[in-house]
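# Survey of secondary and tertiary structure
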Amino acid sequence: MICFVNVCIFWTSAFVVSAIELNQCKVQDRFELNELSKKGDIILGGLFLLNFKTIRPELSFTSKPDQWKCEGFQVSAFQWIQAMIFAIEEINKNQNLLPNITLGYQLYDNCVNLPIALRAAIALLAGMDEAVDDFSCNGPSPVIAVVGDPLSSHSIAAMRIMGLFHLPMVSYLASCSCLSNRQEFPSFFRTTPSDAFQVKAMIEIVKHYGWVWIGAIASDDDYGQNAIKALIKEVSAFGCIAFIEMVPTVFKKEKILQIVNTVKQSTAKVIVVFSPQVEFNTLVKEIVKQNITGRQWIASEAWSTSASIAIKENFHCFGGTIGIAIRRGTIPGLEHFLLQLHPDFNSDKRIIIQFWETLFACKFSENSSQVNSTSRICTGLEDIGSIKTAYTDVSELRSVYNVYKAVYAIAHALHNLMSCENGNGPFENKTCASIKHVQPWQVLHYLKEVNFSNHLGERVTFNENGDAMAIYDIVNWQPSNDGKIQIKTVGLFDETVKEANQVSLAEEEIFWNFESRKPPESVCSKSCQPGTRKASRKGEPVCCFDCVPCADGEVSSELDSIECIKCLNDYWSNHGRNQCVSKELEFLSYEDAMGITLTAMTILGTCLSVAVLAVFIHYRSTPVVKANNSELSFLLLISLTLCFLCSLTFIGQPTHTTCMLRHVMFGISFVLCISCILVKTVVVIMAFRATLPGNNMMKWFGVSQQRGTVFFFTFVQSLICIIWLVTSPPTPAKNTKYFNSKIILECDVGSVIGFSFLLGYIGFLACSCFLLAFFARHLPDNFNEAKFITFSMLIFCAVWITFIPAYISSPGKHTVAVEVFAILASSFGVLFAIFAPKCYIIIFRPERNTKRALMGKQNAE
């Protein structure tokens, strides 16, 4: 702020004039600036950076402050001034461009200091004449256009003043995107692309290598701040910025250490830097001092080709740097022109003296105040060509080429102005401007319409914002054979082509300063593989996340999926959670162990029933078979065979047929079985009662009545089954209630009421049979079948009572297995309890299979 106030005060005091008797105005003071000038018909101004250090005067506010002093002359930067002079001399010799017009120049050094840059801008705007006697304002402007300033912050400050007077400025290096604002900077042009394109080019490189976690460092000025804003906007579309640090324009040791510490601790391996080489160089030295390696630096055009940073000592930390550079060009004849320079002691050529003394490390005797006993005296005859320096190196003409194009752009604008025909002019009443009395605002009009191709065939023009076409070289810092750093062009960014082809890289030519010699990986969190999803970490950027496995039944098939997709009802996630696969179909199959076991038991039971039936048929005339109505025994064995066989309908994949058949067969066969047992029980009781004197009950429950009773009970169950099947039959169903990863194929009973009636009816008959047999258990043993019936019904009821909780608690195919087991267990119980004793007598104790043996015990009693 103090500097700015000082500028304002000094500017005001410098141009306060006092009237004298000769009707003239004299300036009270002059700025002492490093300058280089030459007279001409039309003067072009220039602002360059030559000295990189300044000595600030003390501000006591009690006396006039001293002038600012500049130190640290940079030999390489003098090439920029020489390029402008060379272009002007070349134009003056060209009879086809501005014929009969001689261009002159007024060039100043800004010393990389804003107050000095403003002084130089004001000097170009107002001139430095001792006296002013033209008050008509009809004379020529001191300069009609300015080439420079190279720094964005300086250009912004200068254009705040020059823009008021419509004085065009064509910068060769100021790239801040803010300067594209035509409302604020209506007379600003540039031959270097805007940072908006530079950021885009750098982002395209970052995206090309998949770097999503990057650090950002920028100079704490308009250039850096605007670049960071654009960077944040671009990066937010695909990645995150790990940290943002601003390099102070005024050296602060603690701030530099803090930035270096941030770089050291950050997990970001890729760091983008927007900073002029002067400010960034202080940070580079500290990074090299602390030996921070393993970082991939992405350089803005402000330092990507810096000879002061790209040195051997910095290579272990900054080797492999990828940068955006201004398009390289060639200027025929420039090298020869540079070598022709000789010292000139005119006051307006003091810059040349500084250059000569710096280049040859000597002092001219004319500068007696600076010569001491250790100083080498300059003769002025030293050979520039004998020393290999950045000044004579024309292999990397980037900023210099932009200076060259800026001068030619102004020259072509003047030539178009000069070629105007009265009556077809662009100004009021279609008039043209006079080349002898040209004004800056007239040149501004023609600069907007400049469009020409230079000697390289490159088109030079400006868009509506005064920006040049965005074409950048992509450079890479590589080791050279002589141990130095070679800044090699490895690609191109061209904003004028299709977006997909804007960046082209020669991958095989890029040097990576890592042990693997491959591009580094810079991510906060590694990509989530298919089968997982990203889960943001609280309080951290979106690039920092955890990879959470997809839940069962959900999948993700892409990298970095934000969410898992739920599989359709008939599908489930595979083991890797990256694909939906058909759910496993589960049912009681003939192929699995349980199905085979139950099938074997079914066949065994069926065979045993058939075998017993065969035995009974063979011995049908024996007393044991005839004792309890052999016809009922045969029917009971047939029903048991059906009970065993019905369990087969429960095994295998359910279909509409098997679902209906299994319950119908189960219901009818079991009712038939229990009906036979019930009738046999009644027959046993009646047969015993019939032996009592005067009892004639058997005639009321003969064979016909027994058959009718069995038929009636079976008919009732058949009727229940028919009604059930007609109203709401059992159907195949897919059950996913118990297992998410499996589909249980089962039979839905349809009508729960119908199924309940079916089971209830069987239970009713079984209980009735059990009670009757229980009451008849005290009948004589030889004549009594009731004990075996009681035991069989006890087994039957126990099995089915146990079946209910087991059925409810068994999931999947085990439910069906429990039901089949209950059928088989109850069937085996009835078969063995009723028929095993009889078969034992028939086969193993035939002597007891006689009427006498059956009646003997009864008579004894």
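Keep in mind that what you see is a predicted model, and the values were worked out from it rather than measured.

## Brief notes about the nonpolar core
The biggest cluster of nonpolar side chains holds 79 residues, and the ones touching the most others in it are F78 and L414. Elements represented by at least two residues in this core include exactly β4 (42–48), α2 (75–93), β7 (103–109), β9 (145–147), α10 (334–339), α11 (350–360), α12 (399–418) and α13 (440–447). Counting residues per element, this core draws most heavily on α12, which supplies 13 residues. When residues no more than four places from it in sequence are discounted, the contact partners of L414 are I42, L98, L103, I144, I435, V438 and V443. Counting residues in hydrophobic clusters, the runner-up holds 67 residues, among them V683, I762, L831 and I834.

## Section: the packing of aromatic side chains
Enumeration according to the criterion identifies 33 aromatic pairs in this entry. An angle of 55 degrees between the planes, with centres 5.3 Å apart, marks the rings of F86 and F337 as tilted. Remark: F337 occurs in helix α10 and F86 occurs in helix α2; sequence separation between them is 251 residues. With relative accessibility at 9%, the residue F86 sits in the buried group. Ring-pair connections join several aromatic residues into one group, and the members of that group are F280, W297, W303, F318 and W477. Looking at R182, its charged tip hangs above the ring of F189, at a distance of 4.8 Å from the centre. Residue placement shows K534 over the ring face of F545; its charged tip is 4.8 Å from the ring centre.

## Some details on the sheet that holds strand β20 (residues 485–494)
Strands pair in a sheet through their backbones, by hydrogen bonds, and they do so in one of two ways: parallel or antiparallel. Taken together, the eight strands give an open sheet; going across it, the order is β13-β12-β14-β15-β16-β19-β20-β21, and neighbouring strands pair in mixed fashion. Lying at the two open borders of the sheet, with one neighbouring strand each, are β13 (240–247) and β21 (503–505). Along the sheet, successive strands turn relative to each other by an average axial angle of 25 degrees, direction set aside. Pairing of strand β16 (residues 322–326) with strand β19 (residues 471–479) involves five bridges; the strand directions are antiparallel. Each bridged residue has a counterpart across the sheet, and for I322 the counterpart in β19 is N476. Helix α7 (residues 253–265) contacts β12 (213–219), β13, β14 (270–274) and β15 (296–299) of the sheet and is inclined by roughly 165 degrees relative to β13.

## Observations concerning helix α19 (residues 752–775)
With 24 residues, α19 extends 34 Å between its outermost C-alpha atoms, agreeing within 8% with the 34 Å of an ideal straight helix rising 1.5 Å per residue. Looking at α19, one finds that the buried residues are G754, F755, L758, Y761, I762, L765, A766, C769 and A773.

## Things to note about the packing of α2 against α12
The interhelical angle for the contact between α2 and α12, taken along N-to-C directions, is 35 degrees, at an axis separation of 9 Å. Crossing of α2 against α12: the hand is right-handed. Contacts between α2 and α12 involve Q79, W80, A83, M84, F86, A87, I88, E90 and I91 from the first element and S399, V400, V403, Y404, V407, Y408 and A411 from the second. Looking at side-chain class alone, the contact of α2 with α12 contains 13 nonpolar, two polar and one charged residues.

## A word on the environment of D344
Counting through the fold element by element, D344 comes out in the loop between α10 and α11. Taking the C-alpha atoms as reference points, D344 and G380, 36 residues apart in sequence, are found 9.1 Å from one another. If near-sequence neighbours (up to four positions away) are discounted, D344 is found in contact with K349, I352 and I353.

## Quick notes on the pattern of salt bridges
Where charged atoms from two side chains of opposite charge approach closely, those side chains can pair. Enumeration over the complete set of coordinates arrives at 19 salt bridges. Where E184 meets R160, a salt bridge forms, and the shortest distance between an N and an O atom there is 2.7 Å. With a gap of 24 residues between them, E184 in the loop between β10 (169–171) and β11 (188–190) and R160 in helix α4 (residues 152–162) connect regions that are remote in the sequence. Salt bridges here are not isolated pairs; linked through shared partners, they connect R327, R328, E396, R398 and D473.

## A look at the state of the cysteines
What the rule picks out here adds up to 10 disulfides. Disulfide partner of C550: C564, at an S-S distance of 2.0 Å. Disulfide C550-C564: the torsion about the S-S bond is -80 degrees, which places it as left-handed. Note that C550 is positioned in the loop between β23 (545–549) and β24 (554–555) and C564 in the loop between β24 and β25 (565–566), a separation of 14 residues in sequence. There is no split in this pair, since C550 and C564 are both buried.

## Quick look at the side chain of R190
Relative to the assigned elements, R190 resides in strand β11. The class for R190 is buried, based on a relative accessible area of 0%. There is a polar contact of 2.7 Å between the side chain of R190 and the side chain of D467. Look past the residues within four positions of R190 in its chain and what remains in contact with it is V170, S171, A174, S175, C176, S177, L179, S180, F462, G466, D467 and A468.

## Section: the confidence of the model for the protein
When pLDDT is low, close inspection of the predicted coordinates is not appropriate. With 89% of its residues at a pLDDT of 70 or more, the protein shows a mean pLDDT of 85. Counting contacts from residues 1–22, a segment whose pLDDT is below 50, to residues more than four positions away or on other chains yields 37 contacts. Confidence drops under pLDDT 50 across residues 857–861; counting only partners more than four residues distant or on other chains, this segment forms three contacts.

## Observations regarding the packing of helix α14 (residues 593–618) against helix α21 (residues 813–844)
For any two helices packed against each other, the geometry comes down to the angle between their axes and how far apart the axes lie. In the contact formed by α14 and α21, the axes pass within 10 Å of each other and the chain directions differ by 25 degrees. Of the possible angle classes, the one that applies to α14 and α21 is roughly parallel. By crossing handedness, the relation of α14 to α21 is classed as left-handed. On α21, the residues that touch M594, L598, M601, T602, L604, G605, L608, S609, V612, V615 and F616 of α14 are H814, A817, V820, L824, F828, L831, F832, F835, K838, C839, I842 and I843. Partitioning the contact of α14 with α21 into residue classes produces 18 nonpolar, four polar and one charged.

## Comments concerning the environment of I674
Tracing the backbone shows I674 in helix α17 (residues 656–690). Note: C-alpha distance between I674 and L636 (38 residues apart in sequence) is 8.2 Å. If we ignore the near neighbours within four places in the chain, the residues touching I674 are I762, L765, A766, C769 and F796.

Rules and cut-offs
- Residues numbered from 1 in each chain as written.
- Predicted model: local features only at pLDDT ≥ 70, side-chain atom pairs only at ≥ 80, totals over all residues.
- Heavy atoms only, no water.
- Core = buried A, V, L, I, M, F, W, Y, C linked by side-chain atoms within 4.5 Å.
- Buried < 20%, exposed > 50% of the residue type's maximum accessible area, 1.4 Å probe, protein only.
- Helix = DSSP H or I, 4+ residues; strand = E, 2+ residues; numbered from the N terminus.
- Contact = heavy atoms within 4.5 Å.
- Phe/Tyr/Trp six-rings, centres within 6.5 Å; stacked < 30°, edge-to-face > 60°.
- Lys NZ or Arg CZ within 6 Å of the ring centre and 35° of its normal.
- Pairing = 2+ DSSP bridges.
- Axes fitted to C-alpha atoms, helices over the stretch in contact; angles between N-to-C directions.
- Expected span 1.5 Å × (residues − 1).
- Left-handed = near helix turned anticlockwise from the far one by under 90°.
- Nonpolar A, V, L, I, M, F, W, Y, C, P; charged D, E, K, R; others polar.
- Salt bridge = Lys/Arg side-chain N within 4 Å of Asp/Glu carboxyl O.
- Disulfide = S-S within 2.5 Å.
- Polar contact = N/O pair within 3.5 Å; in protein donor to acceptor, adjacent residues only side chain to side chain.
- pLDDT = per-residue confidence, 0-100.
- Parallel < 35°, antiparallel > 145°, perpendicular 65-115°, else oblique.

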